[in-house]
2 protein chains.
Amino acid sequence: MRQYDTFELTFQGAEPEGSQVSVDLSVIFTLNGTQKEVKGFYAGNGVYKVRYFPTEAGTCSWQTKTSLALSGRLNGSEECEAAASAHGMVKADGIHLKYEDGTRYIAVGTTIYAMVHQEKARVEETFATLAEAPFNKIRFCVFPKHYDFNHNEPELFAFEKTDGKWDVNRPCFAFWDMLEEQIRRLERMGIEGDLILFHPYDHWGFAQMSKEECFVYLDYLLRRLSAMPNLWWSLANEYDLMEHFDRSWWPEFAAYIHENDPYGHMLSNHHCITQWDFSDENTTHCCLQSSAMVRTPDFQDQYGKPVIFDECCYEGNIPYGWGNISGRELVNRFWTTFVMGGYCTHGETISENGRLEDDTVLWWAKGGALHGESPERIAFLRKIMEELPGDLDPVKSMWDQEAMLEQLKDPEIAARTPVVVKEVAKMPKEQFQEFMDGNREIAGHCGEDVYLQYWAKHCTCVADLVLPKGNSYDIEVIDTWEMTRTKVLSHVNGNVRVPMPGKEGMLVIAKRI
Amino acid sequence: MRQYDTFELTFQGAEPEGSQVSVDLSVIFTLNGTQKEVKGFYAGNGVYKVRYFPTEAGTCSWQTKTSLALSGRLNGSEECEAAASAHGMVKADGIHLKYEDGTRYIAVGTTIYAMVHQEKARVEETFATLAEAPFNKIRFCVFPKHYDFNHNEPELFAFEKTDGKWDVNRPCFAFWDMLEEQIRRLERMGIEGDLILFHPYDHWGFAQMSKEECFVYLDYLLRRLSAMPNLWWSLANEYDLMEHFDRSWWPEFAAYIHENDPYGHMLSNHHCITQWDFSDENTTHCCLQSSAMVRTPDFQDQYGKPVIFDECCYEGNIPYGWGNISGRELVNRFWTTFVMGGYCTHGETISENGRLEDDTVLWWAKGGALHGESPERIAFLRKIMEELPGDLDPVKSMWDQEAMLEQLKDPEIAARTPVVVKEVAKMPKEQFQEFMDGNREIAGHCGEDVYLQYWAKHCTCVADLVLPKGNSYDIEVIDTWEMTRTKVLSHVNGNVRVPMPGKEGMLVIAKRI
């Protein structure tokens, strides 16, 4: 047993009578005096398993609770060694993310919805691509996808059929073995799996399960996968398009997972039109479908949770608005988000030859190879983010409507305030939001150690910074597209005017010496 | 006298006693039986003038009304010849613009706020540039401008001073002569002057005139300039930042101009934060400061007037968000607007050498030379617009919230409507607006003769058009940045899939054969 490694106990017994999901098996683990009871699952072929994820080094004992006649070591004790290279699960830490050992986790995601449902050769190609790519989180689905460019039938499904109907009480063990194998490969590569539990793009019936069936499915999933460290639960992709699921089910799913996941994996829900309520107590972060990256600080303020733009359109050339932005624009969206302390997820929908057939392989659907211009620049971004001494907090905007309104109550302040500020202060809320979308400074900082400002579409020939007067800074100008870094000023502080090339996509970093 | 040429009568008399503005002089012109009484003005040096703008050919007689002792031809009659090359004044025609003779006017504007307040050499350089530039409308101010890059004092002001104070009753005739000369030069070049009557960027006192002083100033301006065909009245630049002007004055100014301008020039008002009410009965068009070009059809629907984005940020490199977008982005904004039947105005704030000093000459302020990448592409756009057989109307969006809500009342329709449509239908109004900003098709048409669709930032490899089945069309793919035109399909109709290069800034035109 090793800290941050999944520990697995295996038992033999007869095939369960009735449900193969709700088997009466759990183990109480006691690690350094802390007890945790975890449920086991039936893995097929007379094999039962119980998985545990130890988060400390020390002495661990366990005791099996079951009414089943199982063989195997039903209780025991062993030393849990200190972690080797693993960092534990990713958890929210305010608006940021950390592994359990305190290491920063900078979520740089991508999207391969039907990754696990492809033939073996494609899966191998995908993993080979991932090995060279900058991504450390992947959004993918448990259930197969039926949609444009997603019409190949998978070999395996999550359940077997009984009387021609999916039977959630009879998991397809080969499917779950295959799913687990891919998750473990991701773990070895340092990649989090943002596992999508439901979605509407279905023609097999998985989007029409009853609420009871959903809970049985979740029960099995949690028994099997909860002790795997590199998983997040994404309740759905576009939950609001699942018309057979009543809206009331979703918070119940979140609560059920919270109760039955012994480790508190990250959890959120992805929408198409009607945003999920991220203030839900079991939701750990904001999972956004939006291109309004400049609102990163608004979401941070409103929810106090990490903000991840999991869908902000894909680099591609397919005839859907969500799948044909340029690599340049996707990179721009990444920088806008990251500089303000948010996180962003990549996707690619490039048909290399312009063919748009059912067998056209798009990364976003099936994986395979990457063809776009953004991954290289996203790697560059990730490197710069990793070099920072800590997480980025957004710089407070100079346009704070509430503060302005408060200050303007003082007639003396009002008298010397420029009229444009007074006009902005009295804008209706929606109009102010729009104003901010166009006027927010895209800037962040790590305390007083580092200040970043990203100029996005603004081709300024100078960047005016205001740095703390007590410190001394070096200034670098970074071309986020060309991936060049130029040190332009040294040992400066206070009001600093930085010469800029008057191009799009420029970033300024001031680092304390 | 010639149709569409300004006709001027000159009289001699003593200098007016008291106000040099409200002189008791008017002339009743009777052209083909239609009477129009127009006021005269004092031009200095004992000279009085009355100007008339005949809009028909025919016989015109006139009769002076005055209590002054004037010499000159106080009444007369002559033949008004038919127009030679002139087209008359520009007027609104629904959401479009036409000269009085029915010729289409496609407003392709630029901005040179302090054009008339520069030294002679600069003015000459500006006119030489304009002769080669694509612009047929210029926004410029009567009053000089005091702002960054606008700190040179003009030689002449609109008024003389009495006891050290501006005296609106004593026009500076040299100023008005100079202003008129520049307007006439623009007329000869086919350029409309969108004359800005007030603005807040002042340190001389013109932004602090009393309401009464404003009316005297407007009285003189209208007496002198109304008969010049190529003028529009822009009540202000950023009227809402003029804190010494009560908000109630502005509709009064509009009404006063409506009453005292015998010819009904185009009139609107430009804002910074609080939009002018374009439904004002004396306002002929929407003059917008906004980058939300995709809302062109919303403004057209709401006001039923021409929509002109007179300020949508400038191509430049100065450190202000409104003055440092790329030429590429400005061209993108132009196309987005024009394809949907709106109009857009250029501006340039490029410091060629990156110097940002008071004497740095920026086109937007002082004129001079153009350095940007957009004018050439705007010329290309204008040429394509001029080639069209008529004005463009926006193609109705597939997303019409009211229509969707109405249709969904029918349970049968509701049952077969995709859930995403139902979700969009029930969005709150502001959220729907935002949705439309991201999802509106940028498309327009001239009846069934021409269909245009602009793909803006969308790098699609195919464009799907739906063309009327009864006609036959040729399809051209246009790269709005590279300025290339490629005929890709011939003699097509119905559902047409057009091959596209998967780049930003592509336009498709289907022209009926």
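Rules behind the numbers
Residues numbered from 1 in each chain as written. Chains lettered and ligands numbered in written order. Predicted model: local features only at pLDDT ≥ 70, side-chain atom pairs only at ≥ 80, totals over all residues. Heavy atoms only, no water. Helix = DSSP H or I, 4+ residues; strand = E, 2+ residues; numbered from the N terminus. Rg over C-alpha atoms; globule rule 2.2 N^0.38 Å. Buried < 20%, exposed > 50% of the residue type's maximum accessible area, 1.4 Å probe, protein only. Contact = heavy atoms within 4.5 Å. Buried area = accessible area lost by both parts, 1.4 Å probe. Salt bridge = Lys/Arg side-chain N within 4 Å of Asp/Glu carboxyl O. Polar contact = N/O pair within 3.5 Å; in protein donor to acceptor, adjacent residues only side chain to side chain. Nonpolar A, V, L, I, M, F, W, Y, C, P; charged D, E, K, R; others polar. Pairing = 2+ DSSP bridges. Axes fitted to C-alpha atoms, helices over the stretch in contact; angles between N-to-C directions. Phe/Tyr/Trp six-rings, centres within 6.5 Å; stacked < 30°, edge-to-face > 60°. Parallel < 35°, antiparallel > 145°, perpendicular 65-115°, else oblique. Left-handed = near helix turned anticlockwise from the far one by under 90°. pLDDT = per-residue confidence, 0-100. Least-squares fit on C-alpha atoms with pLDDT ≥ 70 in both.

Draft legend 1. Region of interest: the overall build of chain A. A tally of helices and strands in chain A yields twelve helices and 28 strands. Against the compact-globule benchmark of 24 Å for 513 residues, chain A has a radius of gyration of 25 Å, which places it among compact chains. Expressed along its principal axes, the backbone C-alpha trace of chain A runs to roughly 80 × 55 × 45 Å. A total of 513 residues make up chain A; the buried ones form 60% of that total.

Draft legend 2. Layout of the interface of chain B and chain A. With 40 residues of chain B in contact, the opposing surface of chain A contributes 40 residues. Buried surface at the junction of chain B and chain A, both sides included, amounts to about 3,000 Å², of which 56% is carbon and sulfur. Of all residues in chain B, B:Ile273, B:Glu423 and B:Cys461 bury the most surface against chain A, accounting for 19% of the area lost on that side. Linking chain B with chain A are six salt bridges, by the criterion used here. In this structure, the connection of chain B to chain A is made through 16 residue pairs in polar contact (both at pLDDT 80 or more). Taken together, the elements giving at least two residues each to the side of chain B that touches chain A come down to helix H11 (419–425), helix H12 (429–439) and strand E24 (462–467) of chain B. In the side of chain B that touches chain A, the residues fall into 15 nonpolar, eleven polar and 14 charged.

Draft legend 3. Structural detail: the pattern of salt bridges. Residues and elements named next belong to chain B. In this structure the tally under the stated criterion is 90 salt bridges over all chains. A salt bridge links Arg 485 to Glu 476, with the shortest nitrogen-to-oxygen separation between them at 2.8 Å. Relative accessible area serves as the criterion here: at 29%, Arg 485 is assigned to the partly exposed category. The exposure class of Glu 476 is buried, given its relative accessible area of 17%.

Draft legend 4. Layout of the sheet that holds strand E17 (residues 307–311) of chain B. Residues and elements named next belong to chain B. Strand order in the open sheet formed by eight strands is E15-E14-E13-E10-E9-E19-E17-E16, with parallel pairing between adjacent strands. Among the strands making up the open sheet, the edge pair consists of strand E15 (267–268) and strand E16 (286–289). Note that strand E9 (residues 108–111) and strand E10 (residues 137–141) share three bridges and pair parallel. Pairing of Thr 111 across the sheet is with Arg 139, part of E10. Of the strands in this sheet, strand E13 (192–198), strand E14 (231–236) and E15 are in contact with helix H4 (residues 249–260), which crosses E14 at around 160 degrees.

Draft legend 5. Spatial organisation of the sheet that holds strand E26 (residues 484–492) of chain B. All names here are of chain B. In spatial order, the strands read E21-E22-E23-E28-E25-E26; together these six strands make up an open sheet with antiparallel pairing. The sheet is open, and its two borders are formed by strand E21 (393–394) and E26, each paired with just one other strand. In terms of strand pairing, strand E25 (residues 473–479) meets E26 through six bridges, oriented antiparallel. Paired with Glu 476 across the two strands is Lys 487, which belongs to E26. Sheet strands in contact with helix H6 (residues 327–339) are strand E22 (442–446), strand E23 (450–454) and strand E28 (506–512), and its direction is about 145 degrees off that of E23. Running at roughly 25 degrees to E26, helix H8 (residues 374–387) makes contact with E23, E25, E26 and E28 of the sheet.

Draft legend 6. Inspection of the packing of aromatic side chains at higher detail. All names here are of chain B. Enumeration according to the criterion identifies 106 aromatic pairs over all chains in this entry. An angle of 45 degrees between the planes, with centres 6.4 Å apart, marks the rings of Tyr 314 and Trp 364 as tilted. In this pair, Tyr 314 is assigned in the loop between E17 and strand E18 (315–316) and Trp 364 in helix H7 (residues 363–366), connecting sequence segments 50 residues apart. We note that Tyr 314, like Trp 364, is buried.

Draft legend 7. Quick peek at the pairing of strand E5 (residues 58–66) of chain B. Where strand E2 (residues 25–31) of chain B meets E5(B), seven bridges bridge the pair, whose relative direction is antiparallel. When the bridges of E5(B) are listed, B:Val27 appears paired with B:Thr64.

Draft legend 8. Region of the structure containing the packing of helix H1 (residues 120–132) of chain A against helix H2 (residues 173–188) of chain A. Residues and elements named next belong to chain A. In the contact formed by H1 and H2, the axes pass within 11 Å of each other and the chain directions differ by 15 degrees. Put simply, H1 runs roughly parallel to H2. Relative to H2, H1 is oriented so that their crossing is right-handed. In contact with Val 123, Glu 124, Phe 127 and Leu 130 of H1, H2 contributes Gln 182, Arg 185 and Leu 186. Classifying every residue of the contact of H1 with H2 by side-chain character gives four nonpolar, one polar and two charged.

Draft legend 9. Main features of the pairing of strand E11 (residues 159–162) of chain A. Residue and element names in this part refer to chain A. Bridge count for E11 against strand E12 (residues 165–171) is four bridges, and the pairing is antiparallel. In the strand pairing of E12, Lys 161 is matched with Trp 166. Connecting E11 to the antiparallel partner E12 that follows it, the hairpin turn spans two residues, and Asp 163 within it adopts a positive phi of roughly 55 degrees.

Draft legend 10. Layout of unusual backbone geometry. Residues and elements named next belong to chain B. Backbone geometry at Cys 313 places phi at a positive 80 degrees, although glycine is not the residue there. Following the sequence through the fold, Cys 313 ends up in the loop between E17 and E18. Of note, His 491 is a non-glycine position whose phi angle comes to about 55 degrees, a positive value. Residue position: His 491 is located in strand E26.

Draft legend 11. Examining the confidence of the model for chain A more closely. Put simply, chain A has an average pLDDT of 97, and 100% of its residues get 70 or more. On the interface metric, ipTM, the complex scores 0.95, and its pTM is 0.96.

Draft legend 12. Highlighting the relation of the copies chain B and chain A. It takes a turn of 180 degrees to lay chain B on chain A, together with a shift of 0.0 Å along the axis; the resulting RMSD is 0.0 Å. Between the two chains, the operation in question is that of a two-fold axis. For chain B, the residue whose C-alpha comes nearest the rotation axis is B:Glu430, separated from it by 3.5 Å. The share of interface residues of chain B whose copies in chain A are also at the interface is 100%, consistent with both copies meeting through the same surface.

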